[in-house]
Amino acid sequence: MNLLSRYAECIFWMARYMERAENLARILDVHETFARDTRGATNWFSIVQLNADEKDFFSRHDRPTAEAVIHYYMFDPQNRNSLLSMLRMARENARTLRPWISTEMWTQINVFHNKLLEMSVKDVAAQNLSKVCTWIKEECQTHTGITEGTFYRDQGWYFYQMGKYIERADQTTRLLDIKYHTLLPSPLDVGSTLDVSQWTTVLRCTAGYHAFRRVYPRGMSPTTVAGFMLFNEGFPRSVVMCVRQIDGVLTRIRSRYDLRGGSAAMERVDELLAALLSRPIDAVLRDGLHEYLDWIQLQLSVVTTEIAQAFFGVQPPLAVQSQSQ
Amino acid sequence: MSVPEGKPSDLLSSYNPGLYFDELFGAMDLPAEHTALIRQRLAALDFDELRRRAQDAERELYNLGITFIVYSDKDAVDRILPFDIIPRVISAPEWKHLEAGVTQRVAALNLFLHDIYHDQKILKDGVIPRDLVEGNHNFRPQMIGLDVPFNTYIHIMGTDLVRDRHGTFRVLEDNGRVPSGVSYVVENRHMMQRVFPDLMQDIGIRPVDNYGHKLLDAMVEIAPVDDPQVVLLSPGTYNSAYFEHIFLAREMGVPLVEGRDLVVDNDRVFMKTTNGLAPVHSIYRRLDDAFLDPKAFNPDSLLGVPGILEAYRKGNVALANAIGTGVADDKAVYCYVPRMIKYYLDQDPIIPNVDTRICREADALQYTLDNLADLVVKPVGEAGGYGITIGPRASKAELEDCRAKLLADPSNYISQPVVDLSVCPTVCDDAIEPRHVDLRPFAITGKSTWVLPGGLSRVALKKGTLIVNSSQGGGSKDTWVLEGGAA
């Protein structure tokens, strides 16, 4: 059965937006925890920095108060990085895909979106934020479960996986980057109680804390945590794990459906994986974690562009440089 | 079969359809035997319980996204078509009559379309005025001389029926271009099965859920190759009927494509897939002629596929409905359908038109002028709904204005009596009340014609109004065609 290019693209982005929404909920959740620390409300600004939303944010808000930032990332329809916008995009894609996806997948996204639409800022006044974030995480996980259990396994399934793992790898790098933005590296802090508790929070919000403990029963250091989140071969949100998935999915879809395109994307992913596997975490930290995370994000965006050109009918930019999504 | 009537205090005891024909009770002098068990079950229900079930149903329609889109200034809002949970019931003999009538009408209209795009005998014989056909803006000269498979032009037909005070079904309108609403027929049934299984039990209702299979069969029959690639061509997610396009694509198991997914190369149609271009052979298009091919019709259309008309003319791709069917569902041409049936089939119409007078004919003009205050006068021209004079509601000045126009240009007008649409018990705010309904059965024609047993029953939810359109507060009901034999 043929798959329309447009559908492949919608599936890819539906998966990305759902994964992105889950991760934003995780990030907001972490921020609330950070905000409760001694450093107070200043921490809310880092999430704006993290998404490079400063210009847009300050065009509508004077100060990055907890309330302003929460509203901006939960409900602001003009902010395309808000949960509401992501859900709207996921739903728009799902709506287009209704002939292709299961009714249960569509209905869950539709109801999820409609519930979020009915919610108000009051519902997420700071003390409830964690609860709301948990609800969003659970809805996203319900989506994942319904998809696993009902989505017909043909080409569409592979594009779904591609989108999901590219987004997840990207989000893990961003989550890790919070640490950088929240606590500008200060040698004095390293190893302090505060430092350890914040690394713990990063792990907890990716649901990686217990797994980490099992791998490193003694001691928690930036090296071990960052290494775990980037390179661990068993942690489902580690960058290496995600890139291996992308690699496998691309290989399988091309051979199973005899797809002619995609060799450039394949090469990119192979290169990325090789680079990830060849660099020890000590070297990464020495040369700058933030820069390294940026580089990974860039590679993932190039892979996305290659996939779009190979399968979605997106034309490669010629003379004019065009910004892809 | 004898069923005891409900207690005097029951839910239907104060129900009064007045002078109208009632779909559940029948006429006063013609009690509807076939609905006795349904009435008995309804009567035994508690009103709050009924309301609760109705609310559950509407909630579920919203969650399932069985919606149409309403555009305001900036926002696109999803609305459900309001759903009433009291069904409209059609007996087996009634249905047999309707089925035969719809089939006959489809046959006549297809013969008519073949004729006007070939020999034009009906025009030469003067049965239908030539200017009405060739001057019609939906007449497509590109179709002249073109043969289509099985001489079928209208593959999907929606016939709007109303029922008068005497219980006689009449055709109000033919929809032979892109009729919509069939998705609600099937989804309403699913909804009833979820919220009202106890009402349906053992009634013997003919199923409606094989519509998609029948449609696909027809799309395959008319395709130029064996084992064709069928697609549904939609204007896209912003179209208000997008849900129906999704529904039909799913039921047929074919891709839902938009114009931008298709290309024509060397007079063949292809769709863009993840593995390059793949051929397309049969297209159920939910796009009007005018938007179909910017090369041939409206050059501004971004929804269509440039070059598709030529591919169609070469016989490389099938289109349903065919191009140029709009001339057959025109208001003026409608008046001539009974004569068309006589002309092509040598039969009398099984389902009559609403009594319509064609004012270009002297007798009809005189009758119309004599009874102006009781009639609806409609211009046959292009704009639907524009320039209608409803006699009973018009002022003296308006009637005189209408008279002047009729005399100046009689051939631009038809006249009809005001039809008293039948009513059906409907769940309203405080009680079950009568509301007016119509019926749109759907017929699929490839090699032969199949009529979906049922149809869309639209209901005017506002008290007293006869307008059933969804844009004007109309809703819909499940339509039950009962199985034959003793119930």
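Residues numbered from 1 in each chain as written. Chains lettered and ligands numbered in written order. Predicted model: local features only at pLDDT ≥ 70, side-chain atom pairs only at ≥ 80, totals over all residues. Heavy atoms only, no water.

1. Points about the overall build of chain B
When its secondary structure is counted, chain B shows 15 helices and 24 strands. A globule of 487 residues ought to have a C-alpha radius of gyration of about 23 Å, and chain B, at 23 Å, matches this closely. Overall, the C-alpha framework of chain B stretches about 75 × 60 × 50 Å when taken along its three principal axes. Split into buried and exposed, the 487 residues of chain B put 56% on the buried side. Across chain B, the fraction of contacts at a sequence separation of at least 24, relative to all contacts at a separation of at least 6, is 69%. Accessible area of chain B: about 20700 Å², with a carbon and sulfur share of 49%. Put simply, chain B has 50 plus and 68 minus side-chain charges, and the middle of one group is 1 Å from the middle of the other. (Helix = DSSP H or I, 4+ residues; strand = E, 2+ residues; numbered from the N terminus. Rg over C-alpha atoms; globule rule 2.2 N^0.38 Å. Buried < 20%, exposed > 50% of the residue type's maximum accessible area, 1.4 Å probe, protein only. Contact = heavy atoms within 4.5 Å. Areas by Shrake-Rupley, 256 points an atom, 1.4 Å probe, with all protein chains shown as cover. Lys, Arg positive; Asp, Glu negative; His and termini not counted. Charge placed at Lys NZ, Arg CZ, Asp CG, Glu CD.)

2. A few points about the interface of chain A and chain B
Each partner contributes to the interface: chain A provides 30 residues, whereas chain B provides 28 residues. Buried surface at the junction of chain A and chain B, both sides included, amounts to about 2300 Å², of which 44% is carbon and sulfur. On the chain A side of the contact with chain B, A:Arg6, A:Arg95 and A:Arg98 bury the most area, a combined 27% of that side's loss. On the surface where chain A and chain B come into contact, there are two salt bridges. (Buried area = accessible area lost by both parts, 1.4 Å probe. Salt bridge = Lys/Arg side-chain N within 4 Å of Asp/Glu carboxyl O.)

3. Some details on the domain arrangement of chain A
Residue and element names in this part refer to chain A. Under the domain assignment used here, chain A contains domain 1 (1-152) and domain 2 (153-317 + 321-325). Taken residue by residue, the interface counts 36 residues in domain 1 and 36 residues in domain 2. When domain 1 packs against domain 2, the two sides together hide about 3600 Å² of surface, and 60% of this comes from carbon and sulfur. Applying the counting rule to domain 1 against domain 2 returns six salt bridges. Along the contact surface separating domain 1 from domain 2 lie eleven residue pairs in polar contact (both at pLDDT 80 or more). At the level of elements, helix H1 (5-35), helix H2 (44-50) and helix H7 (126-150) are the ones that each hand at least two residues to the side of domain 1 that touches domain 2. When residues in the side of domain 1 that touches domain 2 are grouped by element, the largest group, 20 residues, is from H1. Here the residues of the side of domain 1 that touches domain 2 sort into 16 nonpolar, ten polar and ten charged. (Domains from an automatic or database assignment. Polar contact = N/O pair within 3.5 Å; in protein donor to acceptor, adjacent residues only side chain to side chain. Nonpolar A, V, L, I, M, F, W, Y, C, P; charged D, E, K, R; others polar.)

4. A short note on the sheet that holds strand S14 (residues 318-320) of chain B
Either a parallel or an antiparallel arrangement is found when strands of a sheet pair, and the pairing is made through backbone hydrogen bonds. Residue and element names in this part refer to chain B. What the four strands build is an open sheet, ordered S9-S8-S13-S14; its pairing is parallel. This sheet does not close on itself; its edge strands, each paired only once, are strand S9 (256-257) and S14. Taken together, the four bridges between strand S8 (residues 230-233) and strand S13 (residues 282-285) define a ladder with parallel strand orientation. Bridging from a neighbouring strand, Val-230 pairs with Ser-282 of S13. (Pairing = 2+ DSSP bridges.)

5. Comments concerning the domain arrangement of chain B
A common way to state how big an interface is: give the accessible area lost once the parts meet. Residue and element names in this part refer to chain B. Looking at the assigned domains, one finds that chain B contains domain 1 (94-154 + 206-345) and domain 2 (357-417). Listed as interface residues are eleven residues of domain 1 and, on the opposing side, twelve residues of domain 2. The junction of domain 1 with domain 2 conceals about 850 Å² of combined surface from both sides, 53% of it contributed by carbon and sulfur atoms. Our count for the contact surface shared by domain 1 and domain 2 stands at two salt bridges.

6. Comments concerning unusual backbone geometry
Looking along the chain, the bond that leaves B:Ala320 and enters B:Asn321 is cis, with omega of -10 degrees. By secondary structure assignment, the location of B:Asn321 is in the loop between S14 and helix H12 (331-334). You will see that A:Asp258, though not glycine, has its phi angle at about 55 degrees, which is positive. Here A:Asp258 lies in the loop between helix H12 (239-256) and helix H13 (263-278). For A:Asp258, a relative accessible area of 61% corresponds to the exposed category.

7. Some words on the environment of B:Glu361
Residues and elements named next belong to chain B. Here Glu-361 is to be found in the loop between strand S15 (357-358) and helix H14 (362-370). Taking the C-alpha atoms as reference, Glu-361 lies 43 Å from Val-305; in sequence the two are 56 residues apart. Discounting residues that sit within four places of it in the chain, Glu-361 has contacts with Tyr-336 and Arg-339.

8. Considering the pairing of strand S10 (residues 262-265) of chain B
All names here are of chain B. Strand direction decides the pairing type here: S10 and strand S11 (residues 268-273), joined by four bridges, are antiparallel. The partner of Val-263 across the bridge, within S11, is Phe-270. With antiparallel pairing between neighbouring strands as the criterion, S10 and S11 make up a hairpin whose turn holds two residues, including Asn-266 at a positive phi of roughly 55 degrees.

9. Digging into the packing of helix H8 (residues 211-221) of chain B against helix H9 (residues 242-252) of chain B
Residues and elements named next belong to chain B. Orientation of H8 relative to H9, taken along the N-to-C sense of each, is 75 degrees, at an axis distance of 8 Å. One finds that H8 runs roughly perpendicular with respect to H9. Across the interface between the two elements, Tyr-211, Gly-212, His-213, Leu-215, Leu-216 and Met-219 from H8 touch Leu-248, Glu-251 and Met-252 from H9. Here the residues of the contact of H8 with H9 sort into six nonpolar, two polar and one charged. (Axes fitted to C-alpha atoms, helices over the stretch in contact; angles between N-to-C directions. Parallel < 35°, antiparallel > 145°, perpendicular 65-115°, else oblique.)

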